[in-house]
Amino acid sequence: MGCASSAPLERLAKVDTGVVVYSHNDSDHGKRGAGGAALRGDGQTLYVLGNKGLAVFDCRNPAAPARLAVIDTGTVGIHSGAALAFHNDGVTMYVAGGKGLSVFDVSGDRRAPGKIGSTLETGALSSHGGAALAFDGDRRLYLAGGKGLVVYDVGPRNERAPQKVGARLIDTGAIGTLSQCALCFSPPGTTPRALYVAGGKGLAVFDLADPDLPRKVGKTVDTGVLNYNGGAALALHPHVAQLFVAGGGGLAQLDISYPFAPSVRMKFEHTGCLSYEGGASLAVDGTTLLLAGGNGLGAYELPPQGGDIKRVTRRGTNVGWKQNRTLDTGVFSPNGATALLMDGGVVYAAGGRGLGVFDAQQLLYRTCSRAALGPLPGAGIPWPFPPPPGTDAGGKRTKVVVKVELPVGKLGLTVITSPPVVGAVRTDSPVVGQVAPGDIIVSLTRPGMGDVDTTNMDGQAVMETLIAFADREGRSLTVEKHGIYGVGVPPGPLGVSFIDGTCTVHVVKTTSPLLGATKSGDTLLSVNGKPVTPTTIFDVIKAANDGTSERKLVFRTTTTAPAMKAEGTPAGMTAGGAWVEQTYMGPETKKWACLACLCFGLPGLCILMCPTDKRMVYVNLGANAKPGPGRAALPDGTIVDYTKGGQTRPL
C-alpha cells in the first residue's frame, strides 16, 4: 500500500449531484439540522440521495458519470437526515427523511424510479434529526430518526406497502436532536441478533430475540467519538467480531465478541478527515476501511485476524494527500453530509461540493473487493447488490414449493395468520423436517374432495380443515418453503468458495452466475435434486456440470423463521381473550441464575424466583376482566400454561 499514483488526486471524475446541500450550518442560527446523503449502485446505475432529492446517474463509464434525472422524493427535508435501502428483491427502494418513508419501484427501468403511493408518516423522523434504515434481509425494515425507532413488516405482499409493527415508538436513548444516526446488525450467525443504533448521545444495543419488539440492552454506550451535532456511521469488520463507529469526535474500534456488551478497543480522536459538525461515512472491503468526513478521506488497514487497525499513509509527492494521511477529495464540505460507496475497482464519494469518482487501485495501490461487508451509508443490506433486470450478470432466486403427504392422525403443528403460515412444529411431529415454522401453506388436499387454495384462508380455518379429515388417508399440504430458494445456473464454473468442511458459502466471486442471488453464509442443499453433504458437495457439483444443461441449485439462507405478531386469536384458542405481557422463567433468567451459581453457589438459584424474561401470550379473560391461570397461547400458536407466578410449561 505504499506508492503514490501519478494521477492528480487519483480522481477519475467530479460532477455536480444537484441534491446534496453544501452546509447545514449558518452564522445566525448555527446548526440547522442533521443533513444526509446516501449512495447505492449496481455497476451501471448510481443513486445519490440528498436533501434536495434523488439523483440518478449512468455510471457504466465511471470516468464520465452522466446525471439522468433529479427526482423530488417528497420525503427528505432540506436539513433532515436522508437514508436509502433496497429490499432483497432488488427492485423495491425505500427512502426515509424528515417527511417520512417512501417506496419506489425500479423494476421497469432502473434509471427512472417510480414512487409507489404516498409518503408514510413514521412517528420516528423529525424535520431536523437524522434518518437511518436497516433491512434484515428477511421481512423487517428498521427505521430510526430523531424521535426514536420503529419496525416495519416488508415481507411477502408488504414489500411495496410497509406495515408498521405495533404502535409503540421505541426510545433509543442514543440519537440527538440535530445529529445524524446509523443502524447496523451484529455479524451474521449471531444468536440472538443484535441491532446497534448510533447517534449524538452514543451507541445503543437492542436484542432482536423478538425481531418485532427490539429490546434495549443496558445503557447507552459512550464511544467517545459521537457528538450531539455531528455525523454518525457504523460498519462491521469483515472477518472478526468488531464494530467501527465514526462521528464528529473521531473513529472508534469496538470489540463485539459479546454482541450485547460492546467495548471500545481503541480510538482515533484526530483522524484529519472528520469535522465536528459535518457528516461521517464508512465503507469496508476485505482489507481496508475508508473513512469520510467534512475534511477529506482517510484509509485504515484491517488486519485479517482482527488486531488494531492501522492508518494507511502515502509515500510520494502527490499533493492531494495532506500530511500523507488525508485525501482532499474536492467534494466534501465541513458542515455538509457525506456518503461513500466501494463498487468493484471504483470508489464513489458524495458531499456538498459534488460527486467524486476514484480509481481504487490508484487510491489504495490495489483493487477493492466488490463484496463490501459493512453497511453502506443509509443501506440495510450488504453487497453484492442484485443486478439490473434484463442483464446477464447474476442469478435469479425462485421459490421452492413442495407437496407434503400427511399421515392419518395428529400432525403436531400449528397454523396461524392469513395467508396461513406454519407457526410451530413439535419435535415428535410426523412431518418434522418436511414442514418448518415460517413455511407458507398455499394449498391443501382434502381426501375425496380435491385441492383447495389456502392463500385466502386464515390459520384457524386451515387447522379446522386438517382436523376434520384427520382420520382419513390422502391429506397433503403444499407449502412455499421459508428461507429456501432455487437458482438456475448455466454450464461452467459456479464461482463460489465454501467454508472448509461445510456446504456454507464463503465468497461469491464477481464473475459468478450466482452473484446477486446467493450470499455469503447461505448453505447449498442440493444440485439438480441430489442432496449434498460436506463430503460429496464437490463431486455432486462436478457431476451436474455436463457442459450443455442448466443446473438447478437449492440454497438455505441464514434467515430464521419470522416472529409471529401478537394479534388475532391463535389456533386452538377461543375468541374474546386478550394479549398480555407475561413475565416468565426463560433463557435470560436461567443465564443469570447460572452466573449467580458460579459466583455464590446454590443461593444463586434464588434468581429463578424473580424471572425477568417477557413475552406476549393470549389468555381468556376471567370474570374480573384480568388474566387468570389456565391455557394460554404464544404468537406462533404454541399452547402453554399461564400461572399466577408467570411460569409456563408446555401442555
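Residue positions are given per chain, counting from 1 as you read along its sequence in written order. Reporting in this predicted model follows two pLDDT cut-offs: at least 70 for local features of residues, and 80 or more for side-chain atom pairs to be given and counted; totals over whole chains, interfaces and linings ignore these cut-offs and use all residues. As a rule here, side-chain values cover all heavy atoms of the structure and leave hydrogens and water aside.

(A) Layout of the pattern of salt bridges. Any carboxyl oxygen of Asp or Glu within 4 Å of a side-chain nitrogen of Lys or Arg constitutes a salt bridge here. Summed over all chains, the structure comprises 12 salt bridges. Taking the shortest distance from any N to any O, the salt bridge between D522 and R397 comes out at 3.7 Å. Of this pair, D522 sits in the loop between β40 (505-508) and β41 (523-527) while R397 sits in strand β33 (residues 397-405), and the two are 125 residues apart along the sequence. In this scheme, a residue with accessible area under 20% of its type's maximum is buried, one over 50% is exposed, and one in between is partly exposed, where area comes from a 1.4 Å probe on protein chains only. You can call R397 partly exposed: its relative accessible area is 31%. Residues joined by salt bridges that share partners form a network here, namely D136, R140 and D212. Runs of H or I in DSSP of at least four residues are treated as helices and runs of E of at least two as strands, each being numbered from the N terminus.

(B) Structural detail: helix α4 (residues 587-600). In this analysis, the expected span of each helix is defined as 1.5 Å times one less than the number of residues it contains. With 14 residues, α4 extends 20 Å from end C-alpha to end C-alpha; this agrees with the ideal 20 Å at 1.5 Å per step. Buried residues of α4: T589, A593 and A596, and no others. The buried residues of α4 occupy an angular sector of 65° when the element is viewed end-on, so they sit on one face. Summarising the geometry of α4, the exposed residues directed more than 90 degrees from the buried face are P587, C594, L598 and C599. Positive backbone phi, approximately 80°, marks G601, located one or two places after α4. Relevant arc is that of directions from the helix axis to the C-beta atoms, nothing else.

(C) Up close: the side chain of R140. Turning to its location among the elements, R140 is positioned in strand β13 (residues 140-145). Looking at R140, its side chain comes within polar contact range of the side chain of D212, at 3.0 Å. Pairs of N or O atoms are called polar contacts if they sit within 3.5 Å, as long as, within protein, a hydrogen donor faces a hydrogen acceptor (for residues adjacent in sequence, only side-chain-to-side-chain pairs).

(D) Expanded view of the sheet that holds strand β30 (residues 339-343). In this description, strands pair whenever DSSP reports at least two bridges between them. With antiparallel pairing, 4 strands are arranged side by side in an open sheet as β1-β32-β31-β30. Each having just a single partner strand, β1 (11-15) and β30 make up the two edges of the open sheet. Strand-to-strand, the axes of this sheet are offset by a mean angle of 15°, without reference to chain direction. Inspection of the sheet shows β1 paired to strand β32 (residues 354-359) by 4 bridges, in the antiparallel sense. Simply put, an axis is a line fit to the C-alpha atoms, just over the touching stretch for a helix, and the angle between two N-to-C directions goes from 0 to 180 degrees.

(E) Inspection of unusual backbone geometry at higher detail. The residue R157 is not glycine, and still its phi comes out positive at about 75°. By secondary structure assignment, the location of R157 is in the loop between β14 (148-153) and β15 (163-164). Taking the relative accessible area as the measure of exposure, R157 reaches 54% and is therefore exposed. With a phi angle near 50°, N528 is a residue other than glycine that sits in the positive phi range. With respect to the secondary-structure elements, N528 resides in the loop between β41 and β42 (530-531).

(F) Region of interest: helix α2 (residues 459-468). Every buried residue of α2 is accounted for by G459, V462, M463, T465 and L466. With its buried residues spanning 160° around the axis, α2 presents them on a single face. Opposite the packed face of α2, turned more than 90 degrees from it, sit the exposed residues I467 and A468. Note on contacts: a residue pair qualifies if any of its non-hydrogen atoms lie within 4.5 Å across the two residues. Packing partners of the buried residues in α2 comprise β34 (413-416), β36 (440-446) and β38 (476-489).

(G) Highlighting the nonpolar core. Take the buried Ala, Val, Leu, Ile, Met, Phe, Trp, Tyr and Cys residues and link them wherever side-chain atoms come within 4.5 Å; each set so joined is a nonpolar core. Membership of the largest hydrophobic core comes to 21 residues, with the highest contact counts inside it found for L524, V527, L553 and F555. Among the elements of the structure, β38, β39 (496-498), β40, β41, α3 (537-544) and β43 (551-556) are those that each provide at least two residues to this core. By residue number, the principal contributor to this core is α3, which donates 4 residues. Every residue in contact with L524, bar those within four places of it in the chain, is listed here: F498, C503, V532, I537, I541, L553, V554 and F555.

(H) Quick peek at the environment of A38. Residue position: A38 is located in strand β4 (residues 38-41). The class of A38 is buried, set by a relative accessible area of 0%. Between the C-alpha atom of A38 and that of A350, which follows or precedes it by 312 residues, the distance is 8.0 Å.

(I) Region of the structure containing the sheet that holds strand β11 (residues 114-120). The sheet built from 4 strands is open, its strands ordered β8-β9-β10-β11 with antiparallel pairing. At either margin of the open sheet sits one strand with a lone partner, and together these are β8 (82-86) and β11. Put simply, the sheet's adjacent strands are angled 20° from each other on average, direction ignored. In the sheet, β8 pairs with strand β9 (residues 92-97) via 5 bridges, with the strands oriented antiparallel. Looking at β9, one finds that A82 is bridged to G97.

(J) Quick peek at the pairing of β40. Direction of pairing for β39 relative to β40: antiparallel, over a ladder of 3 bridges. When the sheet's bridge partners are listed, S497 is paired in β40 with V507.

(K) Region of the structure containing the packing of aromatic side chains. Each pair of aromatic rings taken from Phe, Tyr and Trp, with Trp reduced to its six-membered ring, is defined by centres within 6.5 Å and is described as stacked if the planes are under 30 degrees apart, edge-to-face if over 60, and tilted in the remaining cases. Applying the stated criterion to the full structure yields 6 aromatic pairs. Between Y258 and F260, the aromatic rings sit 5.9 Å apart at their centres with planes inclined by 75°, giving edge-to-face as the arrangement. The exposure class of F260 is buried, given its relative accessible area of 13%. Criterion for a charge above a ring: Lys NZ or Arg CZ within 6 Å of the ring centre, and within 35 degrees of the ring normal. Positioned above the aromatic ring of Y485 is the side chain of R397, whose terminal nitrogen or guanidinium carbon lies 3.9 Å from the ring centre.

(L) Representation of the confidence of the model for the protein. Averaged over the protein, the pLDDT score is 81; the fraction of residues at 70 or greater is 83%. The predictor's confidence in any single residue is recorded as pLDDT, a number from 0 to 100. A low-confidence stretch, residues 623-627 (pLDDT under 50), is modelled with 5 contacts involving residues beyond four sequence positions or located in other chains.

(M) Quick peek at the pairing of strand β18 (residues 202-207). The buried fraction of β18 amounts to 6 of the 6 residues, a majority that puts the element mostly inside the structure. In the sheet, strand β17 (residues 194-199) pairs with β18 via 6 bridges, with the strands oriented antiparallel. Bridged to Y196 within β18 is V205. Bridge count between β18 and strand β19 (residues 215-216): 2 bridges; the pairing is antiparallel. Bridge assignment links F206 to a residue of β19, and that residue is K216.

(N) A look at the environment of P62. Tracing the chain through its elements places P62 in the loop between β6 (53-58) and β7 (66-71). Overall, P62 belongs to the partly exposed group, its relative accessible area being 22%. As for P62 and G43, which are separated by 19 residues in sequence, their C-alpha atoms are 8.8 Å apart. Among residues more than four places away in sequence, those in contact with P62 are A13, V346, Y348 and V357.

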